[in-house]
Amino acid sequence: MTTAPLSLEHIIKPSSLTEGKAPVIFLFHGYGSNEEDLFSFAPELPSHYTVISVRAPYALEGFGYAWYAINFDAQQGKWSDNEQARESREKIVRFIDEACTTYHLDAENIALLGFSQGTILSYAVALSYPHKVRRVIALSGYINQEILVADYQKKNYDDLKIYASHGQVDQVIPPEWAQKIPGILDNLGISHVYEEFPVGHGVSPQNFYSFKNWLTS
């Protein structure tokens, strides 16, 4: 399927449905990667979904793209550019609206699937604008509450469901950061599943089949 010139670069696998508006899964890659990365999942995801894999807006030197800068400073250590992350949150929201209109997708049936930095942004979008998103598959990431909208705790999350997973030996994002996710989601009243797998910063076959089963059930 030919992609339209929207505000973010992307690739698309169309739905198998021949009539009506298709549900959609948006894929958001990690830091230093690109839209081709998670698109390898597309043939294995339920065929009635349109799958759109999105490229992050900020090009890195040498290779790859990022949703926001990660800075390494001798005094401050490693820190994330939260302002840039909030800008990306809004870019994603705008892109979702554009894509649903342009490709005639079901705006009432949207899922986000992220990995690492893409997961952090998926949380930011879904927890800031829960009326836009039905499901989130959050792989190897965490919730950064500093990049959510100010009044997120007052939102209605009745229709949002989240699958979260993490590697038990992840050396990029510490498991302890991810282990805070269930408590945060419980406090917001969000239906969720949280699982850990004996891997590092990646997605094992068992992890893939687990979130695929969650999505189809």
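Note that this is a predicted model, so its numbers are computed, not measured. (Residues numbered from 1 in each chain as written. Predicted model: local features only at pLDDT ≥ 70, side-chain atom pairs only at ≥ 80, totals over all residues. Heavy atoms only, no water.)

Participant: Looking at this model, I keep getting lost on the side chain of N144. Mind explaining?
Facilitator: Relative to the helices and strands, N144 is located in the loop between β9 (135-139) and β10 (161-167). In terms of polar contacts, N144 uses its side chain to reach the side chain of N82, at 3.0 Å. (Helix = DSSP H or I, 4+ residues; strand = E, 2+ residues; numbered from the N terminus. Polar contact = N/O pair within 3.5 Å; in protein donor to acceptor, adjacent residues only side chain to side chain.)

Participant: What's the story with the sheet that holds β9 in this structure? I'm lost.
Facilitator: Two modes of strand pairing occur in sheets, parallel and antiparallel, and in both the strands are linked by backbone hydrogen bonds. The 7 strands are arranged β1-β3-β2-β8-β9-β10-β11 in an open sheet whose pairing can be described as mixed. The open sheet has two free edges, formed respectively by β1 (10-13) and β11 (191-197), since each of these has just one partner strand. Neighbour to neighbour, the strand axes of the sheet diverge by 15 degrees on average, direction disregarded. Judged from the 5 bridges that link them, β9 and β10 form a sheet pairing that is parallel. Within the sheet, the bridge partner assigned to I137 lies in β10 and is Y163. Contacts from helix α1 (residues 82-102) reach β1, β2 (22-28), β3 (50-54) and β8 (105-115), with the element oriented near 135 degrees to β8. (Pairing = 2+ DSSP bridges. Axes fitted to C-alpha atoms, helices over the stretch in contact; angles between N-to-C directions. Contact = heavy atoms within 4.5 Å.)

Participant: Can you walk me through the pattern of salt bridges in this structure?
Facilitator: Oppositely charged side chains may form a pair once their charged atoms are brought near each other. Tallied over the full model, the rule gives 5 salt bridges. For E90, the salt bridge goes to R89, with nearest N and O atoms at 2.7 Å. (Salt bridge = Lys/Arg side-chain N within 4 Å of Asp/Glu carboxyl O.)

Participant: When you look at α1 in this model, what are you seeing that I'm missing?
Facilitator: The end-to-end C-alpha distance of α1, which contains 21 residues, comes to 30 Å, matching closely the 30 Å that a straight helix rising 1.5 Å per residue would cover. Every buried residue of α1 is listed here: N82, Q84, A85, S88, R89, I92, V93, F95, I96, E98, A99 and C100. For α1, the N-terminal capping position is held by D81, with its side-chain oxygen 3.3 Å away from the main-chain nitrogen of E83. Positive phi shows up at H104, right after α1, with a value of about 55 degrees. (Expected span 1.5 Å × (residues − 1). Buried < 20%, exposed > 50% of the residue type's maximum accessible area, 1.4 Å probe, protein only.)

Participant: Looking at this structure, I do not really get the side chain of S15. What am I missing?
Facilitator: Relative to the helices and strands, S15 is located in the loop between β1 and β2. The class for S15 is buried, based on a relative accessible area of 16%. Polar side-chain contacts of S15 include one of 2.9 Å to the backbone nitrogen of L17. The residues touching S15, leaving out its near neighbours within four places in the chain, are A22, S47, H48, Y49 and T50.

Participant: Which parts of the structure should I look at to understand the packing of aromatic side chains?
Facilitator: Describing an aromatic ring pair means giving the distance of the ring centres and the angle of the ring planes. Evaluation of the coordinates by the stated rule reveals 9 aromatic pairs. Ring geometry for F41 against F208: centres 5.2 Å apart, planes inclined by 45 degrees, an arrangement best described as tilted. Pair noted here: F41 is in the loop between β2 and β3 and F208 is in helix α5 (residues 205-216), with a separation of 167 residues, a long-range link. With respect to class, F41 is no different from F208; both count as buried. Considering the side-chain rings of F208 and Y209, the 5.5 Å spacing of their centres and the 80 degrees angle between planes classify their relative orientation as edge-to-face. A residue is classified by how much of its surface remains accessible, and F208, at 8% relative accessible area, is buried. Taken together through their ring pairs, the aromatic side chains of F41, Y163, F208, Y209, F211 and W214 make up a single cluster. (Phe/Tyr/Trp six-rings, centres within 6.5 Å; stacked < 30°, edge-to-face > 60°.)

Participant: Please explain the environment of S204 as it appears in this structure.
Facilitator: Mapped onto the fold, S204 is located in the loop between β11 and α5. Note: C-alpha distance between S204 and G62 (142 residues apart in sequence) is 28 Å. Setting aside residues up to four positions removed in sequence, S204 forms contacts with F197 and V199.

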